[in-house]
Amino acid sequence: MAANRFWASFSKESVITLYTPFIVSLGSGNLKLDAFAHFVAQDVQFLKCFAQAYELAEDCADDDDARLCIVELRKRVLKELKHHASFVQEWDLDLSKETTPDPATTKYTNFVLATASGKVEGIKGPGELATPFEKTKIAAYTLIAMAPYLRLNAFLGKELMVVNGDQHPYKKWIDKYSSETYQAALLQTEDVLDKLSVSLTGEELDIMQKLYHQALKLEMEFFIAQPVDQQTVLPLSKQHNSADHRLMCFSDFDLTCTVVDSSAILAEIAIVTAPKSDQSQPPESQSQIARMSSADLRNTWEVLSREYTEEFEQSTENVLANQKAEGFDYEGLKKALEQLSEFEKRANMRVIESNVLKGLNVEDIKRAGERLILHDGCMGFFQSVTNDQSLNANVHVLSYCWCADLIRSSFSSGGIHTMHIHANEFEYEDSLSTGDIIKKIETPIDKLQAFTGILKNSDQTDKTNLTIYTGDSVGDLLCLLEADIGIVIGSSSSLRKIATHFGVSFVPLFPALIKKQREHVEGSVFSWNRLSGFLYTVTSWAEVRSLIVGF
């Protein structure tokens, strides 16, 4: 199914729509009625546009069955318009002042009508189309331009249904978009699209995908643009007064930011740049730092990796063998991670003694950093935080990474030069690594000491700190809990096992925000509590950005 496939490709992007002030306020139930009335009025503009677009698509469809299905889809839209009239009646909404479409509404509706009129790059208008097949393409393009509206509404409805009960003031709206009836309308639209697109070429399907993506972004922009005249829990930047507050953003690096652990990257640099086993090495006096062959390096690295994994698993089992805490036990967790710290130190010492990190050129490391693949949205988040002078944000990366140059070059490649990097460093002789590591952060305790030290220094000013820590591993646990807002990204099983053993609870960020918005009293300040025993979970950096910076 084309539309289903397109949604699968772009659905991750749509998650940020949940984090709009409008959706969070709507989901909490405390959205002001005027804002809801404005939203319903704008939605009416969409439905009127879609009714017109379906009529144009019907004229273009060559297949009789497809044409009949489009007629049914148009009838559904007209029925939905009547349904909106029931919203107006039930909530006694006054839409008389809401007759003008917003810019975001106009942008999407104009896009749909332009597509239905054949104004798609690379194709003729309906009046110039010579064959029924060419007209059918217009019908397919028209429906694909409307499909994201249905998909996104269904997605939002289902997400809001999960976090709300029967007493929700906007339950009727949530029920409608999470209903089986609405899902049936969505599937019917996608079935018609399949019929219309079955004979399209690969190039024409690519056009459909581009239209779908553009339409999805326009629908997301519509929700982002919805006005909310009340205090909202997000974005944090909106509540932030740089004269009185300081935003302290902390993050781990390996696998929190990166797709691949930096230790593997550094090992690969060593292996690729090392001499082959059949090559004679130059004399020590000429080569400055003697190195083992690439084959020996690879074998040594495999042994080190296997030993690390086995000892980590054993250390984790030892921690979990102790009695499970009845409630949140921070001190117990800290003691357990102190034991784990000894394992991390031994592992690093084995790496140093093996000489696998010997002879790496600093320029090779920097180039690797520039090409390092970060998770989607990670670089954009840090760019937005560091470039926004009004935030007055302090951004720190705390990492076990053996070589801070790798981290610095990675973020510098994205134009980020004001980030504070706290990590281990290579020792160099004439730009070549000696194999030794200047140890700064090796363990969970080292991370915690760095974290608390940074905060202690910032406390010397008269500004109030709001601390946010984002991490993915056991090594981040103490900092995550010490921060005002601890955000776990990814799905580390070892982190969850150890954390839950000591009474830590994990809460998906979106429902947590709904709850906080619901409990908020207008005029009061949103508060976040460190050492609460609760950590918030996300699946992407887009969610972190939506919480802190917004759109």
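In this report, we go over the structure that sits alongside the text. This structure is a prediction, so every number in the text was calculated from the model and none was measured. (Residues numbered from 1 in each chain as written. Predicted model: local features only at pLDDT ≥ 70, side-chain atom pairs only at ≥ 80, totals over all residues. Heavy atoms only, no water.)

1. Some thoughts on the overall build of the protein chain
Argument step 1. Scanning the protein chain from N- to C-terminus turns up 21 helices and 10 strands.
Argument step 2. Burial statistics for the protein chain: of 551 residues in total, 54% are counted as buried.
Argument step 3. A separation threshold of at least 6 residues defines the contact pool for the protein chain, and within that pool the share at least 24 residues apart is 78%.
Argument step 4. Accessible surface computed for the protein chain: about 24,600 Å², of which carbon and sulfur atoms make up 49%.
Argument step 5. Looking at charge distribution, the protein chain has the averaged site of its 53 positive side-chain charges lying 3 Å from that of its 76 negative ones. (Helix = DSSP H or I, 4+ residues; strand = E, 2+ residues; numbered from the N terminus. Buried < 20%, exposed > 50% of the residue type's maximum accessible area, 1.4 Å probe, protein only. Contact = heavy atoms within 4.5 Å. Areas by Shrake-Rupley, 256 points an atom, 1.4 Å probe, with all protein chains shown as cover. Lys, Arg positive; Asp, Glu negative; His and termini not counted. Charge placed at Lys NZ, Arg CZ, Asp CG, Glu CD.)

2. Considering the side chain of threonine 189
Argument step 1. Residue position: threonine 189 is located in helix 8 (residues 180-197).
Argument step 2. Apart from residues lying up to four places away in sequence, threonine 189 is in contact with Tyr54, Leu73, Leu143 and Leu150.

3. With respect to the packing of helix 10 (residues 262-273) against helix 12 (residues 294-320)
Argument step 1. At a minimum axis separation of 9 Å, helix 10 and helix 12 run at an interaxial angle of 160 degrees. What the angle tells us is that helix 10 and helix 12 run roughly antiparallel. Taken together, the residues of helix 12 that come into contact with helix 10 (itself represented by Ser263, Ala264, Ala267, Glu268, Ala270 and Ile271) are Ser294, Leu297, Arg298 and Trp301.
Argument step 2. Split by residue class, the contact of helix 10 with helix 12 holds six nonpolar, two polar and two charged. (Axes fitted to C-alpha atoms, helices over the stretch in contact; angles between N-to-C directions. Parallel < 35°, antiparallel > 145°, perpendicular 65-115°, else oblique. Nonpolar A, V, L, I, M, F, W, Y, C, P; charged D, E, K, R; others polar.)

4. Observations concerning the sheet that holds strand 7 (residues 464-471)
Argument step 1. The strand order across the open sheet built from seven strands is 4-3-1-7-8-10-9, with neighbouring strands paired in parallel fashion. Sheet topology places strand 4 (420-422) and strand 9 (505-508) at the edges, where each strand pairs with a single neighbour. Recorded for the sheet is a direction-independent mean angle of 25 degrees between the axes of neighbouring strands.
Argument step 2. Relative to strand 3 (residues 393-398), strand 1 (residues 245-251) runs parallel, the two being bridged by five bridges. Its bridge partner lying in strand 3, cysteine 249 is registered against valine 395. (Pairing = 2+ DSSP bridges.)

5. Some remarks on a negative patch on the surface
Argument step 1. A surface patch of like charges, here negative, comprises Asp34, Asp92, Asp94, Asp229 and Glu522.
Argument step 2. Looking at the element boundaries, aspartate 34 is found in helix 3 (residues 33-60).
Argument step 3. Given the relative accessible area of 64%, aspartate 34 is considered exposed. (Patch = residues over 30% accessible without salt bridge, like charges linked within 9 Å, V, L, I, M, F, W, Y side chains within 5 Å. Salt bridge = Lys/Arg side-chain N within 4 Å of Asp/Glu carboxyl O.)

6. Digging into the pairing of strand 1
Argument step 1. Most of strand 1 is tucked away: six of the seven residues are buried.
Argument step 2. Bridging between strand 1 and strand 7 involves seven bridges; their strand directions are parallel. Note that in strand 7 the partner of arginine 246 across the bridge is asparagine 465.

7. A word on the sheet that holds strand 2 (residues 358-361)
The strands making up a sheet associate through backbone hydrogen bonding, with each pair oriented either parallel or antiparallel.
Argument step 1. Strand order in the open sheet made by the three strands is 2-6-5, with antiparallel pairing throughout. The open sheet terminates on both sides in strands that have one partner only, identified here as strand 2 and strand 5 (425-429). Between one strand axis and the next, the sheet turns by 55 degrees as a mean value, whatever way the strands run.
Argument step 2. One ladder, built from two bridges, connects strand 2 with strand 6 (residues 432-438); its direction is antiparallel. Following the sheet pairing, asparagine 361 is matched in strand 6 by leucine 432.

8. Considering the layout of surface pockets
Argument step 1. The volume enclosed by the largest pocket comes to roughly 810 Å³.
Argument step 2. Contributing to the lining of the largest pocket are 32 residues, with Asp261, Ser263, Tyr308, Glu344 and Tyr400 lying nearest its centre.
Argument step 3. Among the secondary structure elements, those contributing two or more residues to the lining of the largest pocket are helix 10, helix 12, helix 13 (330-354) and helix 17 (444-458).
Argument step 4. Here the second largest pocket is characterised by a volume of approximately 630 Å³.
Argument step 5. Taken together, 27 residues make up the lining of the second largest pocket; nearest its centre are Asp376, Gly377, Ser540, Trp541 and Ala542.
Argument step 6. Elements with a minimum of two residues in the lining of the second largest pocket: helix 1 (2-14) and helix 21 (541-548).
Argument step 7. With five residues, helix 1 is the largest single contributor of residues to the lining of the second largest pocket.
Argument step 8. Classifying every residue of the lining of the second largest pocket by side-chain character gives 10 nonpolar, 12 polar and five charged. (1 Å grid on protein atoms, 1.4 Å probe; cavity = no way out; pocket = protein on both sides within 12 Å on 5 of 7 lines; lining within 4 Å. Points joined across faces, edges and corners; volume = space filled by probe spheres on them.)

9. A short note on the pattern of salt bridges
Argument step 1. Going through the model one piece at a time under the given rule, you end up with 20 salt bridges.
Argument step 2. Between lysine 137 and glutamate 204 there is a salt bridge whose closest N-O contact spans 3.2 Å. Of this pair, lysine 137 sits in helix 6 (residues 132-162) while glutamate 204 sits in helix 9 (residues 202-225); the two residues are 67 residues apart in sequence, bridging distant segments of the chain.
Argument step 3. One salt-bridge network, in which partners are shared between bridges, spans Glu307, Glu311, Arg346 and Arg350.

10. Thoughts on empty space enclosed by the protein
Argument step 1. According to the stated counting rule, one finds two cavities of 30 Å³ or more in the structure shown.
Argument step 2. Mapped by element, the contributors of at least two residues to the lining of the largest cavity are helix 18 (477-482), strand 8 (485-489) and strand 10 (534-538).
Argument step 3. Top contributing element to the lining of the largest cavity by residue count: strand 10, with three residues.
Argument step 4. Of the residues contributing to the lining of the largest cavity, the split by class is eight nonpolar, four polar and two charged.
Argument step 5. One number sums up the size of the second largest cavity: a volume of about 40 Å³.
Argument step 6. What lines the second largest cavity is Cys249, Phe250, Ser251, Phe381, Phe382, Ile468, Thr470, Trp541 and Ile548.
Argument step 7. When contributions to the lining of the second largest cavity are tallied by element, the ones reaching two or more residues are strand 1, helix 15 (378-387), strand 7 and helix 21.
Argument step 8. Here the lining of the second largest cavity takes three residues from strand 1, the largest share from any one element.

Everything listed here is a matter of geometry and, on its own, says nothing about what the molecule does.
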